[in-house]
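Examination of the molecular architecture
What follows is the residue order along each chain.
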Amino acid sequence: MTQITQQVQLLTIEAEHEGQRIDNFLKTQLKGVPKSLIYRILRKGEVRVNKKRVKPEYKLETGDEVRVPPLRVAEKNELPSANLGSIQRLEGQILFEDDAIIVLNKPSGMAVHGGSGLSFGVIEGLRALRPEARFMELVHRLDRDTSGVLLIAKKRSALRSLHEQLRVKTMRKQYLALVRGCWQSHVKVITAPLKKNELQSGERIVRVSAEGKPSETRFRIVRQFAEATLMECSPITGRTHQIRVHTQHAGHPIACDDKYGERQFDEKMREKGLNRLFLHAWRLTFAHPADGREIKVEAPLGESLDAFLNTLER
């Protein structure tokens, strides 16, 4: 990747960055700069706020002047064309939008951001669709093969508010998952701790482990079929692959999960017409970051998954 050398930058802090830590501010401003370099220039005093050295935990105030030294940084990737069909289709998937947020019904098979061989994902696509937006960041993530409600902040203050709701667990996420077999009605909560491992190939795999992080998912049976159960899954914590691993741990892996699934069950589901992971974020409830009113957004399951459930019913 080509490199460019930046000149000294003098940045004046606006109200939307008030209260943000200087290290986190620099990470968003200096795209392509390794975190280790950001902390090195802070440690050496090369970053100045109002002509004074600051520590990484310094919280910015409106009107602060931040001096950033010259740096060699990765050339910014160009945004994809807003005319690409996959990006144009995102426009039709927007469930709610105002000055502060976008709520999107993310398609299955689309990553939330580029990387790992992908030139772009949802966030790059939305930035291409909204070139006038000065700020646009993911509030949370969905796995590439998971569809459904995805929340994006259009203001730094909105991102802070929504992240705080995630931290104190007042934001409620509800998913629909089709799992193998007959789920036992008394299993309403799973609290198995989860540990993330990285294989030599670079693939991430999550396992239940006593050494893992505390994790909690709540479950409710929605519909019962001969060989499967449609479950409502509400993650209280937000661990990687949490629902997928907790259902597997309960002995009921999700249909067509190529990482945590069960081959024979998946083959049966594919024979009946399922061609994707059956995990869908169907409802998100949160307080609007601007005025605190409750927002409840639902994403329809989609024609293909609805039709598949009707096939199972027959």
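Thresholds applied
- Residues numbered from 1 in each chain as written.
- Predicted model: local features only at pLDDT ≥ 70, side-chain atom pairs only at ≥ 80, totals over all residues.
- Heavy atoms only, no water.
- UniProt positions renumbered as here; feature names shortened; annotations may be inferred.
- Helix = DSSP H or I, 4+ residues; strand = E, 2+ residues; numbered from the N terminus.
- Buried < 20%, exposed > 50% of the residue type's maximum accessible area, 1.4 Å probe, protein only.
- Contact = heavy atoms within 4.5 Å.
- 1 Å grid on protein atoms, 1.4 Å probe; cavity = no way out; pocket = protein on both sides within 12 Å on 5 of 7 lines; lining within 4 Å.
- Points joined across faces, edges and corners; volume = space filled by probe spheres on them.
- Nonpolar A, V, L, I, M, F, W, Y, C, P; charged D, E, K, R; others polar.
- Domains from an automatic or database assignment.
- Phe/Tyr/Trp six-rings, centres within 6.5 Å; stacked < 30°, edge-to-face > 60°.
- Core = buried A, V, L, I, M, F, W, Y, C linked by side-chain atoms within 4.5 Å.
- Salt bridge = Lys/Arg side-chain N within 4 Å of Asp/Glu carboxyl O.
- Axes fitted to C-alpha atoms, helices over the stretch in contact; angles between N-to-C directions.
- Parallel < 35°, antiparallel > 145°, perpendicular 65-115°, else oblique.
- Left-handed = near helix turned anticlockwise from the far one by under 90°.
- Polar contact = N/O pair within 3.5 Å; in protein donor to acceptor, adjacent residues only side chain to side chain.
- Pairing = 2+ DSSP bridges.

Quick word on the UniProt feature "active site" (unreviewed entry) in the protein chain
Per the UniProt record, the feature "active site" (unreviewed entry) sits at Asp143. Tracing the chain through its elements places aspartate 143 in the loop between strand S9 (137–138) and strand S10 (147–153). Taking the relative accessible area as the measure of exposure, aspartate 143 reaches 22% and is therefore partly exposed. Once residues lying within four places of it in the same chain are set aside, the contact partners of aspartate 143 are Lys106, His241 and Arg244.

What to know about empty space enclosed by the protein
One pass over the full model with this rule turns up one cavity of 30 Å³ or more. Here the largest cavity is characterised by a volume of approximately 30 Å³. Forming the walls of the largest cavity are His140, Val149, Lys173, Gln174, Tyr175, Ala281, Arg283 and Leu284. Of all elements in the fold, only strand S11 (172–180) and strand S17 (279–287) reach the threshold of two or more residues within the lining of the largest cavity. Within the lining of the largest cavity, the residues separate by chemical class into four nonpolar, two polar and two charged.

Brief notes about the domain arrangement of the protein chain
If you check the domain split of the protein chain, you get domain 1 (9–68), domain 2 (81–159) and domain 3 (169–311). The centre of domain 1, based on its C-alpha atoms, is set 39 Å off from the matching centre of domain 3.

A closer look at the environment of lysine 196
Structurally, lysine 196 can be placed in strand S13 (residues 194–198). Given the relative accessible area of 48%, lysine 196 is considered partly exposed. Once the C-alpha coordinates of lysine 196 and lysine 268 are considered, the two residues, 72 residues apart in sequence, prove to be 29 Å apart. Setting aside chain neighbours within four positions, we find lysine 196 in contact with Arg204, Ile205, Val206 and Thr240.

Here we look at the packing of aromatic side chains
Applying the stated rule across the entire model yields two aromatic pairs. Summarising the aromatic geometry, the rings of tryptophan 183 and phenylalanine 219 are spaced 4.7 Å apart at their centres and angled 35 degrees between planes, so their arrangement reads as tilted. Note that tryptophan 183 is positioned in the loop between S11 and strand S12 (189–190) and phenylalanine 219 in strand S15 (residues 217–224), a separation of 36 residues in sequence. Of the two residues, tryptophan 183 and phenylalanine 219, both sit in the buried class. Ring centres of phenylalanine 278 and phenylalanine 308 lie 6.4 Å apart, and the angle between their planes is 50 degrees; this geometry places the pair in the tilted category. Residue phenylalanine 278 is located in the loop between helix H7 (263–271) and S17, and its partner phenylalanine 308 is located in helix H8 (residues 303–313); the two are separated by 30 residues in the primary sequence.

So, the nonpolar core
With 31 residues, the main nonpolar core has Leu150, Ile152, Tyr175, Cys233, Ile254 and Leu279 as its most contacted residues. Elements supplying a minimum of two residues to this core: helix H3 (85–91), strand S8 (101–106), helix H4 (122–129), S10, S11, strand S16 (228–235) and S17. Counting only domains with at least three residues in this core, you end up with domain 2 (81–159) and domain 3 (169–311). Grouped together as the second largest cluster of nonpolar side chains are 18 residues, Leu11, Phe25, Ile41 and Val66 included.

Observations concerning the pattern of salt bridges
In total, this model carries 16 salt bridges according to the counting rule given. Here glutamate 232 ties to arginine 220 by a salt bridge, and the two come within 3.0 Å at their closest N and O atoms. Here the residue glutamate 232 occupies a position in strand S16, and arginine 220 occupies one in strand S15, the gap between them amounting to 12 residues. Residue classification places arginine 220 among the partly exposed positions, given a relative accessible area of 45%.

Some points on the packing of helix H1 (residues 22–29) against helix H2 (residues 35–43)
Between H1 and H2, the shortest axis-to-axis distance is 10 Å and the interhelical angle comes to 130 degrees. The orientation of H1 relative to H2 falls into the category oblique. Considering the relative orientation of H1 and H2, their crossing is right-handed. On the side of H1, the interface is formed by Ile22, Asp23, Leu26 and Lys27, while H2 contributes Lys35, Ile38, Tyr39 and Leu42.

What about the side chain of threonine 217?
Turning to its location among the elements, threonine 217 is positioned in strand S15. Reaching out from threonine 217, the side chain makes a polar contact with the side chain of histidine 246 at a distance of 2.8 Å. Residues contacting threonine 217, with those up to four places away along its chain left out, are Lys188, Val189, Ile190, Cys233, Ser234, Pro235, Gln242, Ile243 and His246.

Remarks on the sheet that holds strand S4 (residues 52–53)
As a general point, the strands of a sheet are linked pairwise by backbone hydrogen bonds and lie either parallel or antiparallel. With antiparallel pairing, the four strands of this open sheet are ordered in space as S2-S5-S3-S4. The open sheet has two edge strands, strand S2 (9–12) and S4, and neither has a second partner. Across two bridges, the pairing between strand S3 (residues 48–49) and strand S5 (residues 65–68) is antiparallel. Across the sheet, the residue bridging to arginine 48 is arginine 67, located in S5.

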